[in-house]
Amino acid sequence: MDEAITTVNPEALVDADLGASKPVPEPKPTLAQVKAWRAANFTVRHSTVNACGHKLDLRQFPSNANCWPCWEAFFSVNPEGVASVHQLLLEGGTKAVIALHGAKFIRMFGRFLQQKLLKEYASPAVQAASGIEGSIMNVTEEKEASLGSISS
Ligand SMILES: [Zn+2]
């Protein structure tokens, strides 16, 4: 303990005091540091939807509630969310989803599911397998057809 005190250079202490009396500059983080800090502390990022230019906060439903590109982007980056809503839809029906998320939500969700299904059915592999090429098809019929092929 005593040793530690005696090793302190008094001049160094004076210098330190003088230094402290100067206006201490506020530590200003660089933009890169701020960004790194944000990335470390917030898992959610605000993204811009390319199709419409709207900013999207991925933690909540699009603030532009009537903007389809926003919803499409929102659903696309939330596969777990889509899965859980889909599960709710299967278990409780549309009423349960509307009760929880509202009528607008389910319209957008339905559109997303439909588009996803159509996209999948429109893929060359599925078209070849089903013998349908390019045309807009009846999704229900297609579903039954593929179910039939699985069971046979
Ligand atoms: Zn938008």
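Conventions adopted
- Residues numbered from 1 in each chain as written.
- Predicted model: local features only at pLDDT ≥ 70, side-chain atom pairs only at ≥ 80, totals over all residues.
- Helix = DSSP H or I, 4+ residues; strand = E, 2+ residues; numbered from the N terminus.
- Buried ≥ 20, exposed ≤ 12 C-beta atoms within 10 Å, placed from the backbone.
- Contact = placed C-beta atoms within 7 Å.
- pLDDT = per-residue confidence, 0-100.
- Core = buried A, V, L, I, M, F, W, Y, C linked by C-beta atoms within 7 Å.
- Expected span 1.5 Å × (residues − 1).
- Bend = angle between axes of the 7 residues up to and from the residue.

1. Some details on the overall build of the chain
- In terms of helices and strands, the chain carries 8 helices and 2 strands.
- In the chain, the succession of helices and strands from N to C terminus is α-α-α-β-β-α-α-α-α-α.
- Considering the chain as a whole, with its 152 residues, one finds that 7% of them fall into the buried category.
- Of all intrachain contacts in the chain linking residues separated by at least 6 positions in sequence, the fraction that spans at least 24 positions is 16%.

2. A closer look at the confidence of the model for the chain
- Across the chain, the average pLDDT comes to 72, with 56% of residues at or above 70.
- Looking over the chain, one finds the lowest element-wise mean pLDDT in helix α8 (residues 139–151), namely 45, and the highest in helix α4 (residues 68–76), namely 92.
- Of the regions scoring below 50 in pLDDT, residues 132–152 engages in 11 contacts with residues more than four places distant in sequence or in other chains.

3. Quick look at the environment of L88
- Examined against the element boundaries, L88 turns out to sit in helix α5 (residues 79–101).
- Between the alpha carbons of L88 and L100 there is a distance of 9.6 Å; along the sequence they are 12 residues apart.
- Among all residues touching L88, those that are not within four sequence positions of it are A96, V97 and L100.

4. Overview of the nonpolar core
- Ranked by size, the top nonpolar core spans 10 residues in total: L56, C70, W71, A73, F74, F75, V85, V97, M108 and F109.
- Elements that contribute at least two residues to this core include exactly α4, α5 and α6 (103–122).
- Broken down by element, the residue count for this core peaks at 5 residues, all from α4.
- With residues near it in sequence (within four places) discarded, F75 still touches V82 and F112.

5. Structural notes on the environment of L58
- Mapped onto the secondary structure, L58 falls in the loop between β2 (55–57) and α4.
- Overall, L58 belongs to the partly exposed group, with 15 C-beta atoms counted inside 10 Å.
- Separated by 11 residues in the primary sequence, L58 and S47 place their C-alpha atoms 7.7 Å from one another.

6. Concerning α5
- A rise of 1.5 Å per residue sets the reference length of α5, with its 23 residues, at 33 Å; its end C-alpha atoms lie only 17 Å apart and thus fall more than 12% short of the reference.
- At G92, α5 shows its maximal bend, which comes to roughly 125°.
- One or two steps after α5, the chain reaches G102, where phi turns positive at roughly 100°.

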